[in-house]
Amino acid sequence: MTSNAYDPRTALLAAPMSGYQKIAVTVVFLLNMLDGLDVMAISFAAPAIRESWGIAPATVGLVFSSGLFGMAAGSLFLAPLADVIGRRQLIFLSLVMMIVGTLWSAVSHTVASLLWSRVFTGLGIGAMVAVISSLTAEYSNTRHRDFCQSIFSVGFPIGGLLGGVLAGILLPSYGWQSIFYVASAMGVALIPVVWFFLPEPIATMIARPKSGTLARVNRYLQRCRMPAIEALPAPPAAARGVPLAALFQAGMSGLTLTITAIYFLHVMTLFFVQNWAPSLVASLGFDPGRAAMIAVFVNVGGIIGSPLLGATCTRFGLQRLVVIAMCAGALVTALFSFLPANFALLALGSAAMGFFLQSAMMGLYAIIARTFPAHIRASGTGFVIGIGRVGSAISPLIAGALMSGGFSRTGVAFVLAAPALLAALLLLKFRVQSADTP
């Protein structure tokens, strides 16, 4: 046994990562991959639904936004429960909601039913994303935290890539419903994986100790090949308060509001691209199955860009690289609207948008994880993502309304590329925290 002065949280940050921690990070990656598939499923299905049901662009935008509003609500109102009941419990709840929601989408026959199914799915996704985006930081050590965050972030575009490939294969023969059935099946498969291989992070156990917490902490330490402790370190004094209220106390309010505004603006551009790129390509005369493949290239760009930013941020600076990626993403989004009906050029442009916008999102998740201490990290991340998801929900509505109002695709792209540029300007002034916050 070690002395009571020994703090396992600090020791884990300094020690090499164990296989136990690496497996946990891998499970978080798989959950983020499922999130990517569930979020993007409606984008893949939208061209076929619009063709089958004969609905207007504004209605398509409403369908997109319904799920994103659900995600906002899940991040705001469900995610903070993770700081009270624990990460694992909320992840299981979110996973069940996502499974049920995607099945509901698959059996929908009306716009109203599809809308509500996307809201319900979004509630689960929103809570899940807020929790797992902070989990990677909590399983990692200081040296590999940003790299692990990049591995986590690339899960989302890989899920989108998988969905796009499946859409191209399944849509012609099995219809748009098949995408939602696949998403549900993946969720079911992940339930036992989460149960056996995703522990409650040690920092959150110590922050809110319960009966048996010491034994659980020592089991965690044993699996990480670390010495056991005789008594739990004292939890942070702030951990005894209300998590959401703590986001605006003790000098946190400015940080909370600024990082929320940055995230809000960036996701407006990102989710315009993710939701509307297949439909914009379909409007150029491509069939729904081929148009859905455009989302594959958006995600391929993210798969390349996110690890690259994560691998180079130590050398060049995380904040600087994210600002550059945001500016480049805004520029490429605007230029994409000038491309002709040439599938190769559209695919290349889509990959470029994904490369910059999704890698910037990866960097933002790392910055968010640094901004909030462990005892309010899920609440803080949930607040940022929840408010941000309102921005992601607004952008498809704006795009649909502009298109229905007669705006050209170039005009729409310029309007919705601007928020990412504004986010970059705000980030220039933001005080990024160090990577060694427990």
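Details of the structure are given in the entry above.
Any chance you could explain the overall build of the protein here in plain terms?
In terms of regular secondary structure, the protein is built from 17 helices and zero strands. For a compact globule of 438 residues, the expected C-alpha radius of gyration is about 22 Å, and the protein comes in at 21 Å, within 12% of that figure. The principal-axis extents of the C-alpha atoms in the protein amount to approximately 70 × 45 × 35 Å. Across the 438 residues that make up the protein, the buried fraction comes to 60%. When the accessible surface of the protein is split by element, carbon and sulfur atoms take 70% of a total near 15800 Å². The average position of the 24 basic charges and that of the 11 acidic charges among the side chains of the protein differ by 4 Å.

Explain the state of the cysteines here, please?
Cysteine pairs can be covalently joined through their sulfur atoms, and such a bond is termed a disulfide. For the coordinates displayed, the defined rule picks out zero disulfides. Cysteine Cys313 is unpaired, with the sulfur of Cys148 as its nearest cysteine sulfur at 11 Å. For Cys313, a relative accessible area of 4% puts it in the buried group. Of all cysteine sulfurs, the one in Cys313 lies closest to Cys327, which takes part in no disulfide; the gap is 18 Å.

Honestly, the pattern of salt bridges in this entry has me stumped. Any pointers?
Oppositely charged side chains are able to pair whenever their charged atoms sit close together. Inspection of the entire model under this criterion finds two salt bridges. Taking the shortest distance from any N to any O, the salt bridge between Arg9 and Asp7 comes out at 2.8 Å. Residue class for Arg9 comes out buried when judged on its relative accessible area of 14%. One salt bridge in this structure joins Glu138 and Arg87, with 2.7 Å as the shortest N-O distance. Of this pair, Glu138 sits in helix H6 (residues 111-139) while Arg87 sits in helix H5 (residues 87-106), and the two are 51 residues apart along the sequence. Arg87 carries the same exposure label as Glu138, and that label is buried.

Mind showing me how you'd approach helix H15 (residues 343-371) here?
Given 3.6 residues per turn, any residue in an α-helix points the same way as the ones three and four places further on. Between its terminal C-alpha atoms H15 stretches 41 Å, which fits the 42 Å expected from 29 residues at 1.5 Å a residue. By the criterion of burial, H15 is predominantly enclosed, with 23 of the 29 residues buried. For H15, the side-chain oxygen to backbone nitrogen distance between the N-cap and Ala344 is 3.1 Å, and the N-cap itself is Asn342.

Honestly, the packing of aromatic side chains in this entry has me stumped. Any pointers?
In this description, an aromatic ring pair is defined by two values, namely the gap between the centres and the angle between the planes. With the rule as written, the count across this model stands at 10 aromatic pairs. Ring plane angle 85° and centroid distance 6.0 Å describe the contact between Trp176 and Phe180, whose orientation is recorded as edge-to-face. Judged by its relative accessible area of 6%, Trp176 is buried. Above the ring of Trp195, the side-chain terminus of Arg88 is found at 5.5 Å from the ring centroid.

Where do I start with unusual backbone geometry in this structure?
Residues other than glycine seldom take positive phi values, yet Arg225 does so here, at roughly 60°. By the element assignment, Arg225 lies in the loop between helix H10 (213-223) and helix H11 (243-246).

How should I be thinking about the nonpolar core in this particular structure?
A general tendency of soluble globular proteins is for nonpolar side chains to be buried together. Leu31, Ile91, Leu198, Ile259, Tyr263 and Met326 are the most contacted members of the largest nonpolar core, which has 135 residues in total. Top element by residues in this core is helix H2 (residues 19-53). It accounts for 18 residues. When near neighbours in sequence (up to four residues on either side) are disregarded, Leu31 contacts Ile91, Leu95, Met128, Ile132, Leu190, Val194 and Leu198.

Could you clarify how one ought to interpret a nonpolar patch on the surface in this entry?
Side chains of Leu103, Trp104, Val107, Trp116 and Tyr181 sit close together on the surface and give an oily, nonpolar patch of about 520 Å² of accessible area. Along the chain, Val107 falls in the loop between H5 and H6. Its relative accessible area of 47% is what places Val107 among the partly exposed residues.

Explain helix H12 (residues 253-282) to me, please; I cannot follow it from the model alone.
Taking 1.5 Å per residue, 30 residues should reach 44 Å; H12 reaches 44 Å between its end C-alpha atoms and fits that length. Along H12, the helix axis deviates most sharply at Trp276, where the bend reaches about 50°; the proline Pro278 sits within four residues downstream. In terms of burial, H12 is largely enclosed, as 23 of its 30 residues are buried.

Sorry if this is basic, but what is going on with the side chain of Asp35 here?
Relative to the assigned elements, Asp35 resides in helix H2. Judged by relative accessible area, which is 0%, Asp35 ranks as buried. Those residues in contact with Asp35 that lie beyond four places of it in its chain are Met98, Ile125, Met128, Val129, Ile132 and Phe156.

Where do I start with the side chain of Ser117 in this structure?
When you line up the elements, Ser117 lands in helix H6. A distance of 2.7 Å separates a polar atom in the side chain of Ser117 from the backbone oxygen of Leu114. Once residues lying within four places of it in the same chain are set aside, the contact partners of Ser117 are Gly101, Trp104, Ser105 and Ser108.

Just checking my understanding: could you explain the packing of helix H14 (residues 318-336) against H15 for this structure?
Two elements in contact, H14 and H15, have axes whose closest approach is 8 Å; the angle formed by their N-to-C orientations is 150°. In terms of their interaxial angle, H14 and H15 are classed as roughly antiparallel. For the pair H14 and H15, the crossing hand works out as left-handed. Considered class by class, the residues forming the contact of H14 with H15 number 17 nonpolar, six polar and one charged.

What's the story with a positive patch on the surface in this structure? I'm lost.
A contiguous patch of positive charge on the surface is contributed by Lys210, Arg216, Arg219 and Arg223. Turning to its location among the elements, Lys210 is positioned in the loop between helix H9 (202-207) and H10.

Cut-offs and rules
Residues numbered from 1 in each chain as written. Predicted model: local features only at pLDDT ≥ 70, side-chain atom pairs only at ≥ 80, totals over all residues. Heavy atoms only, no water. Helix = DSSP H or I, 4+ residues; strand = E, 2+ residues; numbered from the N terminus. Rg over C-alpha atoms; globule rule 2.2 N^0.38 Å. Buried < 20%, exposed > 50% of the residue type's maximum accessible area, 1.4 Å probe, protein only. Areas by Shrake-Rupley, 256 points an atom, 1.4 Å probe, with all protein chains shown as cover. Lys, Arg positive; Asp, Glu negative; His and termini not counted. Charge placed at Lys NZ, Arg CZ, Asp CG, Glu CD. Disulfide = S-S within 2.5 Å. Salt bridge = Lys/Arg side-chain N within 4 Å of Asp/Glu carboxyl O. Expected span 1.5 Å × (residues − 1). Polar contact = N/O pair within 3.5 Å; in protein donor to acceptor, adjacent residues only side chain to side chain. Phe/Tyr/Trp six-rings, centres within 6.5 Å; stacked < 30°, edge-to-face > 60°. Lys NZ or Arg CZ within 6 Å of the ring centre and 35° of its normal. Core = buried A, V, L, I, M, F, W, Y, C linked by side-chain atoms within 4.5 Å. Contact = heavy atoms within 4.5 Å. Patch = residues over 30% accessible without salt bridge, like charges linked within 9 Å, V, L, I, M, F, W, Y side chains within 5 Å. Bend = angle between axes of the 7 residues up to and from the residue. Axes fitted to C-alpha atoms, helices over the stretch in contact; angles between N-to-C directions. Parallel < 35°, antiparallel > 145°, perpendicular 65-115°, else oblique. Left-handed = near helix turned anticlockwise from the far one by under 90°. Nonpolar A, V, L, I, M, F, W, Y, C, P; charged D, E, K, R; others polar.

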